[in-house]
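Topology and contacts: notes
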Amino acid sequence: MSDPSSSVIDDLCRESAELDRLVGELGKEQWALPTPAPGWTIAHQIAHLHWTDHAALTAVTDAEAFKAEVEKALAAPDTFVDEGAEEVARLAPDRLLGEWRAGRRALEEALRAVPAGTRFPWYGPPMSGASMATARLMETWAHGNDVAETLGVVRAPTDRLRHVARIGVRARDYAFAVHGLPAPGEEFRVELVSPAGELWTYGPEAAPQRVTGPALDFCLLVTRRTHRADLAVRAQGPDADRWLDIAQAFAGPPGAGREPKGGRR
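Just so we're clear, the structure is a prediction, and the values are computed from it rather than from any experiment.

On to the sheet that holds strand 3 (residues 189-193). With mixed pairing, the four strands of this open sheet are ordered in space as 4-3-5-6. Strands with a single pairing partner mark the edges of an open sheet, and in this sheet they are strand 4 (199-202) and strand 6 (234-236). When strand polarity is set aside, the average angle formed by the axes of neighbouring strands in this sheet is 15°. For strand 3 and strand 4, the ladder comprises four bridges, and the chain directions are antiparallel. What sits directly across from Glu 191, in strand 4, is Thr 201. Helix 8 (residues 161-170) rests against strand 3 and strand 4 of the sheet, and its axis sits at about 25° to strand 4.

Below you can see the structure in the form of structure tokens.
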């Protein structure tokens, strides 16, 4: 029987390669371009991915050492992500690119070697190898979206978004907890239209509360890359509606999110 984590690791590599093609030939001045994330340049975006890949590698290979990283995060919950990106972003672009590539390869090798059923610590709930790969794909796609927007590149959405959508759905209760809210007592039905036009579904078909819309828009929502008002994601039911205001697919503080651009809601 094939390892179910292999598919998501393969997709993580493809997602990383797509972003690598965007930044691999950039000049030094372009690395310093500001992105939609306030205070972050393209260098910060790649630096953050490298920093988080390193944290994931530590979690997978040395759980005791990762505890120290969690303690740092708890000591400065609102700044540790920015501080990590800032430190690495100071590297020369060629060195940053090389270290990001090497870190990706090391993490890929570690994830492929993970025994089935193993779980690892993280800044949020513990993760399996497949979940860790999914989380890295989600972040790579989200930060790649910021880089593409900065460069004026329109990326065609792919079915790799199914991983982002799935982690966004699974992180529902975590999103409520981060905001100090009790999780809803029932599952929602989530129905998303994939880039290929297929229907991706999650939760009981008869659930009274529902979320529907394009998978791309849902992924932009749960990665907090686009304000809800600018997306065609709809909720039925008060708890589902509240979720769309606070949804996040990543661990840690939600951040300020993006301002609306005058959208569809």
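At a closest axis distance of 6 Å, the pairing of helix 3 (residues 42-61) and helix 4 (residues 63-75) adopts a crossing angle of 135°. Comparing their axes, helix 4 and helix 3 come out oblique. Relative to helix 4, helix 3 is oriented so that their crossing is left-handed. Facing helix 3, whose interface residues are Ala 55, Thr 58, Ala 59 and Thr 61, helix 4 presents Ala 63, Ala 65 and Phe 66.

All right, on to the state of the cysteines then. Tallying each qualifying case throughout the model produces zero disulfides. With no disulfide of its own, Cys 13 lies closest to Cys 219 among cysteine sulfurs, the gap being 19 Å.

Turning to the nonpolar core, a few remarks are in order. Formed by 50 residues in total, the largest nonpolar core has its most connected members in Met 132, Phe 218 and Trp 243. Of the residues forming this core, the biggest block, seven residues, is contributed by helix 7 (residues 129-151). Listed in part, the 20 residues of the second largest apolar core include Trp 31, Ala 47, Leu 96 and Ala 148.

As a further point, take the packing of aromatic side chains. In total, this model carries five aromatic pairs according to the counting rule given. Three or more aromatic residues joined by ring pairs make a cluster, and in this case those are Phe 66, Trp 122 and Tyr 123. It is Arg 104 that lies over the ring of Trp 100; its NZ or CZ is 4.2 Å from the centre. When the ring centre of Phe 188 is taken as reference, the NZ or CZ atom of Arg 172 above it lies at 4.4 Å.

With 20 residues, helix 6 (residues 93-112) should cover 28 Å at 1.5 Å per step; its first-to-last C-alpha distance of 29 Å lies within 8% of that length. For helix 6, the complete set of buried residues consists of Pro 93, Leu 96, Leu 97, Trp 100, Gly 103, Arg 104, Leu 107, Ala 110 and Leu 111. Taken down its axis, helix 6 places every buried residue within 155° of arc, on the same side. Facing away from the buried side of helix 6 by more than 90 degrees, the exposed set consists of Asp 94, Arg 95 and Glu 109.

Before going further, it helps to spend a moment on the pairing of strand 5 (residues 210-214). Here strand 3 runs beside strand 5; their pairing, made up of five bridges, is parallel. In the sheet register, Leu 192 faces strand 5, and the bridge partner there is Gly 213. By the bridge criterion, three bridges tie strand 5 to strand 6 in an arrangement that is antiparallel. Within strand 6, the residue paired with Thr 212 across the bridge is Arg 234.

Definitions and cut-offs
Residues numbered from 1 in each chain as written. Predicted model: local features only at pLDDT ≥ 70, side-chain atom pairs only at ≥ 80, totals over all residues. Heavy atoms only, no water. Pairing = 2+ DSSP bridges. Helix = DSSP H or I, 4+ residues; strand = E, 2+ residues; numbered from the N terminus. Axes fitted to C-alpha atoms, helices over the stretch in contact; angles between N-to-C directions. Contact = heavy atoms within 4.5 Å. Parallel < 35°, antiparallel > 145°, perpendicular 65-115°, else oblique. Left-handed = near helix turned anticlockwise from the far one by under 90°. Disulfide = S-S within 2.5 Å. Core = buried A, V, L, I, M, F, W, Y, C linked by side-chain atoms within 4.5 Å. Buried < 20%, exposed > 50% of the residue type's maximum accessible area, 1.4 Å probe, protein only. Phe/Tyr/Trp six-rings, centres within 6.5 Å; stacked < 30°, edge-to-face > 60°. Lys NZ or Arg CZ within 6 Å of the ring centre and 35° of its normal. Expected span 1.5 Å × (residues − 1). Arc of directions from axis to C-beta.

Geometric values such as these leave the question of function open.
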